[in-house]
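Below, each chain spelled out in residue letters.
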Amino acid sequence: MDNYTTAETAWKLKEKGFPQPEPQKGQIWHGKEGAYQVMAFQGENSFVNESTVYCHRVGSTQVFDMPLNLFEKFVYAPTPADILKELGKDYNLSFFEGLFYCVWDNLMGEAYSHENPAEACALAYMDK
């Protein structure tokens, strides 16, 4: 899961006001039992009905229905693109010598680095 934040970082982002979207296909959400991915089948909408979502636990192939209201107890694991969108146009992401750098202002700005691009962007968001 190199393209998503860890559970710890996702909770910190939420505390800092990072938006928690409605569950959509492909998203990763962290709960007490681990990470879950929202699924869909054969092009169907992610929602089984208005109150249930198809999910699977990351690392497992077993798919199950999860009540939508359970997502209130979960936290969204954003991607680098999600975080950059919230940071705004003055931030960018680059890769150099094994690390990702989320940089504010290309000329003389602060740089936040991590092996995971989402974690690098999260560091910038938490310092904003």
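Structure: see above.
What this report covers is the structure whose coordinates are included nearby. Each chain has its residues counted from 1, running along the sequence as written. In keeping with the predicted nature of the model, local features appear solely for residues at pLDDT of at least 70, side-chain atom pairs appear and are counted solely at 80 or more, and the whole-chain, interface and lining totals rest on all residues. Heavy atoms throughout the structure, all of them, feed into the side-chain values; hydrogens and water do not.

### Some details on the sheet that holds strand β8 (residues 99-104)
Two strands pair if DSSP finds at least two bridges between them. Helix and strand assignments come from DSSP, with helices taken as H or I runs of at least 4 residues and strands as E runs of at least 2, each series counted from the N terminus. What the 3 strands build is an open sheet, ordered β7-β8-β9; its pairing is antiparallel. Each of the sheet's edge strands pairs with one partner strand only, and the pair in question is β7 (91-96) and β9 (111-114). This sheet shows a mean twist of 25° between the axes of neighbouring strands, independent of strand direction. The sheet contact formed by β8 and β9 spans 4 bridges and is antiparallel. When the sheet's bridge partners are listed, Cys102 is paired in β9 with Tyr112. Only heavy atoms matter for contacts: two residues are in contact if any of them lie within 4.5 Å across the pair. In this description, a line fitted to the C-alpha atoms serves as the axis of each element, helices being fitted only across the stretch in contact, and the angle between N-to-C directions of two axes falls anywhere from 0 to 180 degrees. Its contacts with the sheet place helix α3 (residues 117-127) against β7, β8 and β9, and it is angled at close to 145° to β9.

### Let's talk about unusual backbone geometry
Of note in this structure, Glu97 is not a glycine but carries a positive phi near 45°. As for its placement among the helices and strands, Glu97 is situated in the loop between β7 and β8.

### Some details on the nonpolar core
Nonpolar side chains in soluble globular proteins generally cluster together in the buried interior. To qualify as a nonpolar core, a set must consist of buried Ala, Val, Leu, Ile, Met, Phe, Trp, Tyr and Cys residues joined through side-chain atoms within 4.5 Å. Accessible area is worked out with a 1.4 Å probe on protein chains only. A residue is then buried under 20% of its type maximum, exposed over 50%, and partly exposed in between. Ranked by size, the top nonpolar core spans 22 residues in total, and within it Phe71, Ile83, Leu87 and Cys102 carry the most contacts. Those elements that place two or more of their residues in this core are β2 (34-38), β4 (52-57), α2 (80-87) and α3. The dominant element in this core, judged by the number of residues it contributes, is α3, at 5 residues. Those residues in contact with Phe71 that lie beyond four places of it in its chain are Pro23, Trp29, Val38, Val53, Cys55 and Met66.

### Side note on the pairing of β7
For a regular strand, side-chain orientation follows a simple rule: the groups alternate between the two sheet faces. Bridging between β7 and β8 involves 6 bridges; their strand directions are antiparallel. Residue Tyr91 lies in a different strand from β8, and its bridge partner there is Trp104. Once β7 ends, the chain turns through 2 residues before running back antiparallel as β8, passing Glu97 with a positive phi of about 45°.

### A few points about the pattern of salt bridges
Throughout this description, the term salt bridge denotes a Lys or Arg side-chain nitrogen within 4 Å of a carboxyl oxygen of Asp or Glu. What the rule picks out here adds up to 2 salt bridges. Between Lys12 and Glu8 there is a salt bridge; the shortest N-O distance is 3.3 Å. On the criterion of helical spacing, the pair formed by Lys12 and Glu8 is a turn pair, its members being 4 residues apart in helix α1 (residues 7-15). Where Lys89 meets Asp90, a salt bridge forms, and the shortest distance between an N and an O atom there is 3.9 Å. Judged by its relative accessible area of 42%, Asp90 is partly exposed.

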